[in-house]
Amino acid sequence: MELLLLSNGKTTEHPGLLGWARDRVQTLLARKQVKRILLIPYAVIRSDWDARAQDLSESLGVETISIHQFDDPVAAINQADAIFISGGNTWRLNQLLHEYGLVVPIQRAVRERGVPYVGWSAGCNVATPSIRTTNDMPVCSAAVLPALGLFPLQINPHYLDASISGHMGETRDERLAEFCAINPSESVVALREASLLQISGETVEYWSVRGEGFKIFKHGETIQEYEDAAPLAALTPFIPKL
């Protein structure tokens, strides 16, 4: 498999959609000889889907077309050179992936044909076994939790452990600890802004454009910050893939 799972799509200091990770994305596309990107923008609620595709095309220099332009979205997946899934609302995204019957076609495209998968924010969330560690509000009524399961660990993108003055609710660490307490056999990878996981075959690599680390949350274990993906490589063989 070829996966790029990004915490977010934009940063203030790097212009363009995926601008902060542009070199890595373009290198992957060149290695896989991708001529056209298929964009799945279902998570985008308040912006135009074609505009999102145009932004991606201009940023990466590769033709991009949104899946809603195809009469048969399953056929579009089956013919795709690369699958990109945009950020936005994870609940809406996962709902439509299931309603349009795209979960199995995407799994097969990525696992059997080696089609590159690039997902940021919500697109990163749905690459995991479920969307239970998304930060998004359930804006739609569909309580569909299982996701694509391309990566065997839960991910929490946009991870932030800074203290916010006046905030009296639970911190992100507390929310993730609650998840782990209810699901003690599972682990959560917390990705800070402008960081990513790259999976190529059996190799897992971590990278942050800002030189920051990631954290792994697991019930009963001390939370630690890591600078490379060695802990992930040690964990993944013990977790069943969907």
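In this report, we go over the structure that sits alongside the text. (Residues numbered from 1 in each chain as written. Predicted model: local features only at pLDDT ≥ 70, side-chain atom pairs only at ≥ 80, totals over all residues. Heavy atoms only, no water.)

### Considering the sheet that holds strand 3 (residues 63-66)
Part 1 of the reasoning: The seven strands lie next to each other as 3-2-4-5-1-8-9, forming an open sheet whose pairing is mixed. Both outer strands of the open sheet, strand 3 and strand 9 (203-208), are each paired with one neighbouring strand and no more. With strand direction ignored, the average angle separating the axes of adjacent strands in the sheet is 20°.
Part 2 of the reasoning: For strand 2 (residues 36-40) and strand 3, the ladder comprises four bridges, and the chain directions are parallel. (Pairing = 2+ DSSP bridges. Helix = DSSP H or I, 4+ residues; strand = E, 2+ residues; numbered from the N terminus. Axes fitted to C-alpha atoms, helices over the stretch in contact; angles between N-to-C directions.)

### Observations regarding the environment of K215
Part 1 of the reasoning: Within the fold, K215 resides in strand 10 (residues 214-218).
Part 2 of the reasoning: Exposure remark for K215: the relative accessible area of 11% places this residue in the buried category.
Part 3 of the reasoning: Separated by 78 residues in sequence, K215 and M137 have C-alpha atoms that sit 23 Å apart.
Part 4 of the reasoning: With residues up to four places along the chain from it excluded, the contact list for K215 reads Y159, D161, D173, V188, V189, A190, R192, I223, Q224 and E225.
Part 5 of the reasoning: Only 3.1 Å separates the side chain of K215 from the side chain of Y159, close enough to count as a polar contact. (Buried < 20%, exposed > 50% of the residue type's maximum accessible area, 1.4 Å probe, protein only. Contact = heavy atoms within 4.5 Å. Polar contact = N/O pair within 3.5 Å; in protein donor to acceptor, adjacent residues only side chain to side chain.)

### Focus: the pairing of strand 9
Part 1 of the reasoning: Burial of the side chains of strand 9 is restricted to one face: V204, Y206 and S208 are buried, whereas none of T203, E205 and W207 on the reverse face is.
Part 2 of the reasoning: Pairing of strand 8 (residues 195-200) with strand 9 involves six bridges; the strand directions are antiparallel. The residue of strand 9 that forms the bridge with I199 is V204.
Part 3 of the reasoning: Taking the residues between adjacent antiparallel strands as the criterion, strand 8 and strand 9 are bridged by two residues, where G201 takes a positive phi near 65°.

### Topic: the pattern of salt bridges
Should the charged atoms of two oppositely charged side chains come close, the side chains can pair.
Part 1 of the reasoning: Counted according to the given criterion, the structure contains nine salt bridges.
Part 2 of the reasoning: Two residues, R31 and E2, come together in a salt bridge whose shortest N-O distance is 3.0 Å. Here the residue R31 occupies a position in helix 1 (residues 22-31), and E2 occupies one in strand 1 (residues 2-6), the gap between them amounting to 29 residues.
Part 3 of the reasoning: Classification of E2 as buried rests on a relative accessible area of 9%.
Part 4 of the reasoning: One salt bridge in this structure joins E186 and R132, with 2.8 Å as the shortest N-O distance. Placement of the pair is E186 in the loop between helix 7 (172-182) and strand 7 (187-192) and R132 in the loop between helix 6 (122-125) and strand 6 (154-159), with a sequence separation of 54 residues.
Part 5 of the reasoning: Judged by relative accessible area, which is 31%, R132 ranks as partly exposed.
Part 6 of the reasoning: Residues participating in the shared-partner salt-bridge network are D161, R192, K215 and E225. (Salt bridge = Lys/Arg side-chain N within 4 Å of Asp/Glu carboxyl O.)

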